[in-house]
Amino acid sequence: MKQYYYHSDNPLKEAIAALTDSEPPSFLDGIHYTRQLNDSQLVALQDWCCMNTRIPWATGESVLDAADLIVDRAVENCNIHPLSAK
């Protein structure tokens, strides 16, 4: 059995918070990947990320891509458990 270094119930929300330096929407509680979101949530989150990114030229979609990649790499390296990596 693999040992995971950290426990996170909200890895996507934590990654987005780190990239934006803001508290992301609460509908991200318990979400690991953007693919778990429905279309309206995804559009709303892209807009939110675009308005809250610390990089003025970044798009909301690029922030979400970066957050997904952060979570993917953490799972690959056994830093967090792949609870929703299906």
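None of these values were measured; they are calculated from a predicted model. (Residues numbered from 1 in each chain as written. Predicted model: local features only at pLDDT ≥ 70, side-chain atom pairs only at ≥ 80, totals over all residues. Heavy atoms only, no water.)

A. Representation of the environment of Val63 in the model. Relative to the helices and strands, Val63 resides in helix α3 (residues 60-76). Considered as a pair, Val63 and Thr53 are 10 residues apart in the sequence and their alpha carbons are 7.5 Å apart. Non-local contacts of Val63, meaning those with residues more than four positions away in its chain, are made with Leu19, Thr20, Cys49, Thr53 and Ala58. (Helix = DSSP H or I, 4+ residues; strand = E, 2+ residues; numbered from the N terminus. Contact = heavy atoms within 4.5 Å.)

B. Structural view of the environment of His32. Relative to the assigned elements, His32 resides in the loop between α1 (11-20) and α2 (39-52). Separated by 43 residues in sequence, His32 and Val75 place their C-alpha atoms 10 Å apart.

C. How the structure looks around the packing of aromatic side chains. A complete count under the given rule lists 0 aromatic pairs for this structure. Directly above the ring of Tyr33 sits Arg35, whose terminal nitrogen or CZ lies 4.1 Å from the centroid. (Phe/Tyr/Trp six-rings, centres within 6.5 Å; stacked < 30°, edge-to-face > 60°. Lys NZ or Arg CZ within 6 Å of the ring centre and 35° of its normal.)

D. Representation of α1 in the model. Within α1 the residues assigned to the buried category are Pro11, Leu12, Lys13, Ala15, Ile16 and Thr20. In the core, the buried residues of α1 are packed alongside α2 and α3. Backbone geometry just after α1 places Asp21 at a positive phi near 60°. (Buried < 20%, exposed > 50% of the residue type's maximum accessible area, 1.4 Å probe, protein only.)

E. Focus on the nonpolar core. Counting 18 residues, the largest nonpolar core has Leu12, Ile16, Leu28, Leu45, Cys49 and Val71 as its most contacted members. If you list the elements that add at least two residues to this core, you get α1, α2 and α3. Among the elements that take part in this core, α3 stands out by supplying 6 residues, more than any other. If near-sequence neighbours (up to four positions away) are discounted, Leu28 is found in contact with Asn10, Leu12, Lys13, Ile16, Leu37 and Leu45. (Core = buried A, V, L, I, M, F, W, Y, C linked by side-chain atoms within 4.5 Å.)

F. A look at unusual backbone geometry. With a phi close to 60°, Asp21 is a non-glycine residue in the positive phi region. Structurally, the position occupied by Asp21 is in the loop between α1 and α2.

G. Here's a closer look at the confidence of the model for the protein chain. Looking at the protein chain, the pLDDT average stands at 90 and 93% of residues meet or exceed 70. Looking over the protein chain, one finds the lowest element-wise mean pLDDT in α3, namely 95, and the highest in α2, namely 97. (pLDDT = per-residue confidence, 0-100.)

H. Examining the environment of Gln41 more closely. Along the polypeptide, Gln41 turns up in helix α2. Residue class for Gln41 comes out partly exposed when judged on its relative accessible area of 22%. Spatially, the C-alpha atoms of Gln41 and Leu28 are 9.2 Å apart, while their sequence positions differ by 13 residues.

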